[in-house]
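So the chains spell out like this:
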Amino acid sequence: VSQSRYHAVTMGLYSYPILMAADILMFNAHKVPVGKDQIQHIEMARDIAARFNHHYGEHFVLPEAQVDDNVAVLQGLDGRKMSKSYGNTIPLFLPEKQLKKSINKILTNLLEPGEPKDPDTAPVFQIWQAFATPEQTAYMREEFAKGIAWGEAKKQLFELINNHVAEARDKYEALLANPKFIEEKLQEGASKARARSKPFLEKL
């Protein structure tokens, strides 16, 4: 078999599911909140735990995936599922100007201002719905029926998201400006994790 077929396969493809299983099994997690596309990772962790238990006794809890069916899968800028792999995400902590540019790239159709638009097929509306209150969602649905211009819909979406993330973005930027504080918190977390995992690992 030609090796060229596999040149793009990285170690991450193999090691990521194992690292995820280790994170889950080391702390004997019973239920693990995941998205639907992560369920197979929990199943792999279960398989590893079950195999180990079969050989060496009941040491690992068999974790279960906990999926919230109410979590929506958002459309990205191009109308496909929003994913970093597709490069179609809206990074929420972008500076205001860049956030606005990103939102302006959302795919729309050729319907003119004044022409009614279908909110249920429009990424602009779907993303609006993820941030809006029920009242704001009803308002925008009515605006779509009236034929709101795409530019105006995107402008209002930017304002909605920007107001929603402003406080968190400020905290994010403050943290990025203080890497020493972040490192201290990471070390605190590592110490807590080791206090639980080291005795368990020695037992195993």
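Refer to the structure printed above.
We now turn to the structure provided with this report. Each chain carries its own residue numbering, running from 1 in the written order of its sequence. Local features in this predicted model are restricted to residues whose pLDDT is 70 or higher, and side-chain atom pairs enter the listing and the counts only when it is 80 or higher, whereas totals over whole chains, interfaces and linings include all residues. The basis for the side-chain values is all heavy atoms of the structure; hydrogens and waters are excluded.

## Regarding the pattern of salt bridges
- For salt bridges, the criterion is a side-chain nitrogen of Lys or Arg within 4 Å of an Asp or Glu carboxyl oxygen. Tallied over the full model, the rule gives 10 salt bridges.
- Measuring nitrogen to oxygen at the nearest pair gives 3.4 Å for the salt bridge that ties Lys81 to Asp37. Within this pair, whereas Lys81 is found in the loop between strand S2 (64-66) and helix H3 (96-104), its partner Asp37 is found in the loop between strand S1 (31-33) and helix H2 (39-56), the two being separated by 44 residues in sequence.
- With a shortest N-O distance of 3.7 Å, Glu143 and Lys146 are connected by a salt bridge. Of this pair, Glu143 and Lys146 are both found in helix H5 (residues 134-146), 3 residues apart, which corresponds to roughly one turn of the helix.
- Summary of the burial criterion: residues with accessible area below 20% of their type's maximum are buried, those above 50% are exposed, and those between are partly exposed, where the area comes from a 1.4 Å probe applied to protein chains only. Overall, the relative accessible area of 53% leaves Lys146 in the exposed class.
- Where salt bridges share partners, they join Glu142, Glu143 and Lys146 into one cluster. Helix numbers and strand numbers start at the N terminus; a helix is a DSSP run of H or I with at least 4 residues, a strand a run of E with at least 2.

## Notes on the nonpolar core
- Counting residues in each nonpolar core, the largest one holds 23 residues, and the members touching the most others are Ile103, Ile106, Phe144, Leu157 and Ile161.
- Mapped onto this core, the elements with two or more residues apiece are H3, helix H4 (123-131), H5 and helix H6 (150-176).
- When sequence neighbours within four positions are dropped, the list of residues in contact with Phe144 reads Glu115, Pro116, Lys117, Asp118, Pro119, Ala122, Phe125, Trp150 and Ala153.
- Buried Ala, Val, Leu, Ile, Met, Phe, Trp, Tyr and Cys residues that are joined via side-chain atoms within 4.5 Å together make up what is termed a nonpolar core. Counting residues in hydrophobic clusters, the runner-up holds 11 residues, among them Ile24, Val32, Val34 and Ala49. Residues count as neighbours in contact if any of their non-hydrogen atoms are within 4.5 Å of one another.

## Section: the packing of H3 against H6
- Geometry is summarised by axes, namely lines fitted to C-alpha atoms with helices restricted to the contacting stretch, and by angles between N-to-C directions that run from 0 to 180 degrees. Contact geometry of H3 with H6 gives a least axis separation of 10 Å together with a crossing angle of 140°. When the interaxial angle is binned, H3 and H6 end up oblique. Crossing hand, H3 versus H6: right-handed. On H6, the residues that touch Glu96, Leu99, Lys100, Ile103 and Asn104 of H3 are Lys154, Leu157, Phe158, Ile161, Asn162 and Arg169.
- Following the grouping adopted for this structure description, the nonpolar residues are Ala, Val, Leu, Ile, Met, Phe, Trp, Tyr, Cys and Pro, the charged ones are Asp, Glu, Lys and Arg, and the polar ones are all others, Gly among them. Among the residues forming the contact of H3 with H6, the class breakdown is 5 nonpolar, 2 polar and 4 charged. Should an angle fall under 35 degrees it is taken as roughly parallel, and over 145 as roughly antiparallel, whereas 65 to 115 is taken as roughly perpendicular and any remaining angle as oblique. Crossing handedness follows the turn of the near helix against the far one: under a right angle anticlockwise gives a left-handed crossing, and clockwise gives a right-handed one.

## Re unusual backbone geometry
- Positive phi outside glycine occurs at Asn28, with the angle close to 45°.
- Within the element layout of this structure, Asn28 appears in the loop between helix H1 (11-25) and S1.
- Judged by its relative accessible area of 21%, Asn28 is partly exposed.

## A few points about the packing of aromatic side chains
- Working definition: a ring pair exists when centres of Phe, Tyr or Trp rings (six-membered ring for Trp) sit within 6.5 Å. Plane angles under 30 degrees give stacked, over 60 give edge-to-face, the rest tilted. Considering all chains together, one arrives at 7 aromatic pairs under this definition.
- Consider the rings of Phe52 and Phe60, whose centres lie 5.1 Å apart with planes at 65°: the pair is edge-to-face.
- Through successive ring pairs, a cluster of aromatic residues spans Phe52, Tyr56, Phe60 and Phe200.

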